[in-house]
Amino acid sequence: MLEPCEVAITMKKNHLFLSILFSIFWVAGFSQAIVTLDPPFPTSNDAVTITFNADQGNAQLADLPDGTNIFAHTGITVDGVNWQFVVGDWATVDNRVLMTRVGTSNQYTLQIPGSIRDWYANNNNANASIPSGASITKLCMVFRNAAGTLEGKTATNGDIFVDLATSGFSASITSHPQNSLLLNTGESITFTGQSSAAAALEFTLDDIVVGSEAASTSLNYMLNSDDLTPGLHTLIFEAIGSGTVRDTIYLNRHSAPTTAAVPSYGSEGIIYPNETTAYLQLRAPFKGFIYVLGDFNNWSFLPEFKMNKTPDGQYFWIEIPNLDPNREYRFQYYIDWEGIRVADPYCEKVLDPWNDPWINESTYPNLIEYPSGITEGIVGVLQTRPEAYVWDNSYTYSKPPKEDLVIYEMLVRDFTEDRTFAAVIEKLPYIATLGVNAIELMPVAEFDGNESWGYAPSFCSAVDKYYGPKNELKRLVDSCHARGIAVISDVVFNHVWGSSPLSQMYFNNELGQPAGNSPWLNQTARHPFNVGYDMNHESPATKFFVKKHLKHWIDEFRIDGYRFDLSKGFTQTNSGQDVGGWSNYDQGRVNILLDYAASIRQTDPSNFIIFEHFGAWDEEIVYANDGAMLWGYGGTPYSEAAMGWPNNQNLFNTTPQARGWGNYGLQTFMESHDEERLMYKNINFGNASGGYDTKNLNTALDRMEAAASFFIVLPGPKMMWQFGELGYDVSINDCGNGTINEDCRTSNKPVRWEYYNNSNRKDLFEVYRKLIYLKKTQPSLRDLGVFMDLGGYEKVVRFTNNDFNCVIVGNFDVVGQEMNPGFPFGGIWYDYLNNDSLDVSNPGNAFNYGPGEYHVYTDRRIVPPTNNYEIITTNNEDDLNQSFTEAIIVYPNPVLNNVTFKLPETPKSGDVIQLSDITGRVVISNISLNNGSGNKFSLDTSALTPGIYIYTLSIEGKLYSGKIIKQ
């Protein structure tokens, strides 16, 4: 069994050996240990009795009926690696690890006879031997009932780790493994110091002896906190035997926080006033006090790290000086006597003890270690001078027009085998060859788990480390912008998850829901389909929270736009389970979303704003008129058309014209991450007639080409789901083992790059590529007054104007049909996708079209660039990765004098280059490319005036074009 929560929890105290750890979770005063050992300082060569206190930690196994069996699930830490040589089969009656109950108490014991080393070597599940020189340093434990449905763990469900002693004389304060205690009034605390052999034992408090034994292995000292003055005190346990060991605990007698207004530069979150100072400010109304614990104070309750409280009681703040700019510091807030430990909600990096252990070193090199044994829960990281990312300023980038957007929705996890930003960068030549002008990343901010869709947000300004360091995300954005590709981020602000500080700081554990005084969250969701904990977007705290995060991603990562997940949930109108009522016009929600849109535009006026709304059209048009785009579902009509079924086929319903919208506010899609894959439906549920069967793979691919011919070219922004251009046919509910189950909806899906090597799938890619090129280069296709006949099997679209005319025709039946495309005039029409032509003698004539046959006719020949090579412009050819397709590399661009064209191979006689200005005037004509050196050709532009020029390369009769900027 894999250990789900490898949470190392070893407490280091300021003595010369590792003390025995009983429970990492503690409150400010004393709590009984989850696990105790007898003897208290065993080495790996000793026998030991383990006692499990079931009413401690998460207490799932407390107060069980007499006769209920409890089992240990245990391993050891060998050479620093946890959970080795595991003993105990999960969810079985395993007598090897059956524990003995002490009477009717909550205590259970397990005896390990002989020696720890031998017992694990002889009983482990793998029947493996422990190398003789291996260092065994910890016991690893989880306790369970027979079925494994109840588990005994730490208070926050972490695994339990216990340090083993080294050989020689050992001693420590075994009752309190932590290095400091926060004391309230009226506490009586008994401290127990123990040694591994008889010794002279002594407790001193602030250098005054308060207890001693001349020759013993144990000494107790009782302290009354009221006897201490407010502030810091030092309790030392000393044992003098064959050696001398001292163990120290710092005691902080708590007093009320100082009331002080925030500094002039203060704001929620983390601010660095200079390179050696961190300013922390946390919104925490109704809280009594907060301490900051971290690497900068040895995770101790020190009076100087008690945060100031603002006069209105809304905020706590502190300045932490004398920090090393080159060091990362781990830290948490410790809140009130409840002992809530959270990271700052605005942290840009966090450490997660449950999920980080599964992140590969190659994905996130040199990730700072979690402070095991010092704290538990998610830990924040701050650094006054983090490693900067140097943006490439050699290229000129501007966002594509909204009306020409073709967005590629991408889940990093399922797009590449490596599941990293770096791997996505390697595939950008493929994306650029396809021609999409934007990618939309499914959530990349820190979310619960690792292998996830990302819609369980925890820290909204931190990049999820499972995909790589934050600078790798910046490099991805930079690399996209260099290719003219915008980057849109899917963001989740409808809800937060249980690991978020917003839920942990104010939570009613008895009811299992947010507390009524939460500044951010509703106690119960205000709408159907909510997941996690619903945010109250009418609260000033939530508004600030959302706006700060939105500004962060634009400022820090140059994100071009946002797709708001479940935007219809941004409401305080309680619709309960009434889906229809929830979808009705809601002025409060309108106010909220328009306010967020306005805040985004204060940072970036041209930022794309996309709402996944699916609400009433009279509300959606308000957002569209404000400049946003609304998700427009086209799954059913496009799918049924592709499958060849007659019902509900009217594609017109997916257009803005159907809604009466005179703008480009509807972003249509055939597929999204939420929808069943169209190709899967084709080959499993498609229609057939005679020998024509849409379930046939190649026929299904052809019908996807027909659907794409209408989908891409119809006016307005479009979105496609990753690998749709290759006919991805794995069900959204595929479990990866041949079964289909809705429980597997969000599970990993196979990455199918081999599809590109299939000629029929690549034909679909080619159709997508050519259609996207046509959409981006022909402004006439933006015409919202286009003629459309999209009902039934026979579908026609006609763009007619003086500059460019285009007729799209498709027969979506499974039998042939006679159709009249309605050409606006006779003459030669060019079959764009097939590089053919049609002589139309009579525009009123009908033509016979076979089942699934489709054409895109244009009144002038449009030659899309070939797909043999991608064209990449840069200032440094060595910076480019060409792992997917070979490329024509153009550098430097912008250019001052000579621009170099690096070709995939040495050009042949007849291969030429031509240069035109932006008006089409030829300024350099047909210069032979084989006049260069090998596969490199240099063109002198020194005589040209500054501006934009279009080059055309003719290589073996194929044309390649792009632009260069003359400085």
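Note that the structure is a prediction, hence the values are computed from the model and not measured.

Engineer: Help me out: how do you make sense of the confidence of the model for the protein chain in this one?
Structural biologist: Reading fine detail from the predicted coordinates is not recommended where pLDDT is low. Of the residues in the protein chain, 94% have a pLDDT of 70 or more, and the chain-wide mean is 91. A low-confidence stretch, residues 880-885 (pLDDT under 50), is modelled with 17 contacts involving residues beyond four sequence positions or located in other chains.

Engineer: I'm lost on the state of the cysteines in this one. Help?
Structural biologist: Disulfides are covalent bonds that link the sulfur atoms of two cysteine residues. A complete count under the given rule lists 1 disulfide for this structure. What pairs with Cys735 in a disulfide is Cys744, and their sulfur atoms sit 2.0 Å apart. The S-S bond linking Cys735 to Cys744 shows a torsion near 95 degrees; that makes this disulfide right-handed. Here Cys735 falls in the partly exposed class, since its relative accessible area comes to 22%.

Engineer: Hey, could you run me through unusual backbone geometry in this one?
Structural biologist: Negative phi is the rule for most residues except glycine; trans is the rule for most peptide bonds. The amide bond that connects Asp38 to the next residue, Pro39, takes the cis arrangement and shows omega of 5 degrees. Position of Pro39 among the secondary structure elements: in the loop between β1 (35-38) and β2 (48-53). The residue after Tyr891, namely Pro892, is reached through a cis peptide bond having omega -15 degrees. Looking at the secondary structure, you find Pro892 in the loop between β50 (887-891) and β51 (898-902). The phi torsion at Asp79 lies on the positive side, around 50 degrees, for a residue other than glycine.

Engineer: What's the story with the sheet that holds strand β35 (residues 608-611) in this structure? I'm lost.
Structural biologist: Backbone hydrogen bonds hold the strands of a sheet together, and the pairing may be parallel or antiparallel. A barrel is described by the order of its strands in space; here 8 strands give the closed sequence β25-β26-β29-β34-β35-β36-β37-β40, paired in parallel fashion. Across the sheet, the mean angle from the axis of one strand to that of its neighbour is 30 degrees, orientation sign disregarded. Sheet analysis places strand β34 (residues 561-564) next to β35, joined by 4 bridges and oriented parallel. The partner of Tyr562 across the bridge, within β35, is Ile609.

Engineer: Any chance you could explain the packing of helix α11 (residues 635-643) against helix α13 (residues 678-685) here in plain terms?
Structural biologist: Packed helices, taken two at a time, are described by the angle between their axes plus the distance between the axes. Two elements in contact, α11 and α13, have axes separated by 9 Å at closest approach and are oriented at 40 degrees. One element, α11, and the other, α13, form an angle in the oblique class. When you trace α11 past α13, the crossing you get is right-handed. Residues Tyr638, Ser639, Ala642 and Met643 of α11 form the contact with α13, whose participating residues are Leu678, Lys681, Asn682 and Phe685. In the contact of α11 with α13, the residues fall into 5 nonpolar, 2 polar and 1 charged.

Engineer: Would you explain the sheet that holds strand β42 (residues 794-799) in this entry?
Structural biologist: The 6 strands are arranged β41-β42-β43-β48-β45-β46 in an open sheet whose pairing can be described as antiparallel. Edge positions in the sheet fall to β41 (787-789) and β46 (836-840), since each has one partner strand and no second. For this sheet, the mean angle separating the axes of adjacent strands, direction not counted, is 20 degrees. In this structure, strand β45 (residues 827-831) lies alongside strand β48 (residues 854-858), joined through 2 bridges in antiparallel fashion. Bridging from a neighbouring strand, Tyr830 pairs with Thr858 of β48.

Engineer: In this structure, what is going on with the nonpolar core? I would like to understand it.
Structural biologist: Nonpolar side chains in soluble globular proteins tend to end up buried together. With 153 residues, the main nonpolar core has Leu280, Tyr333, Tyr408, Ile431, Leu473 and Phe564 as its most contacted residues. In terms of residue count, the dominant contributor to this core is helix α14 (residues 697-713) (10 residues). Residue contacts for Leu280: discarding those within four places in its chain leaves Gly269, Ile270, Val292, Met307, Phe316, Trp317, Ile318, Ile320, Phe331, Tyr333 and Leu382. Ranked by size, the runner-up nonpolar core spans 33 residues in total, among them Phe71, Val97, Tyr108 and Phe143.

Rules used throughout
Residues numbered from 1 in each chain as written. Predicted model: local features only at pLDDT ≥ 70, side-chain atom pairs only at ≥ 80, totals over all residues. Heavy atoms only, no water. pLDDT = per-residue confidence, 0-100. Contact = heavy atoms within 4.5 Å. Disulfide = S-S within 2.5 Å. Buried < 20%, exposed > 50% of the residue type's maximum accessible area, 1.4 Å probe, protein only. Helix = DSSP H or I, 4+ residues; strand = E, 2+ residues; numbered from the N terminus. Pairing = 2+ DSSP bridges. Axes fitted to C-alpha atoms, helices over the stretch in contact; angles between N-to-C directions. Parallel < 35°, antiparallel > 145°, perpendicular 65-115°, else oblique. Left-handed = near helix turned anticlockwise from the far one by under 90°. Nonpolar A, V, L, I, M, F, W, Y, C, P; charged D, E, K, R; others polar. Core = buried A, V, L, I, M, F, W, Y, C linked by side-chain atoms within 4.5 Å.

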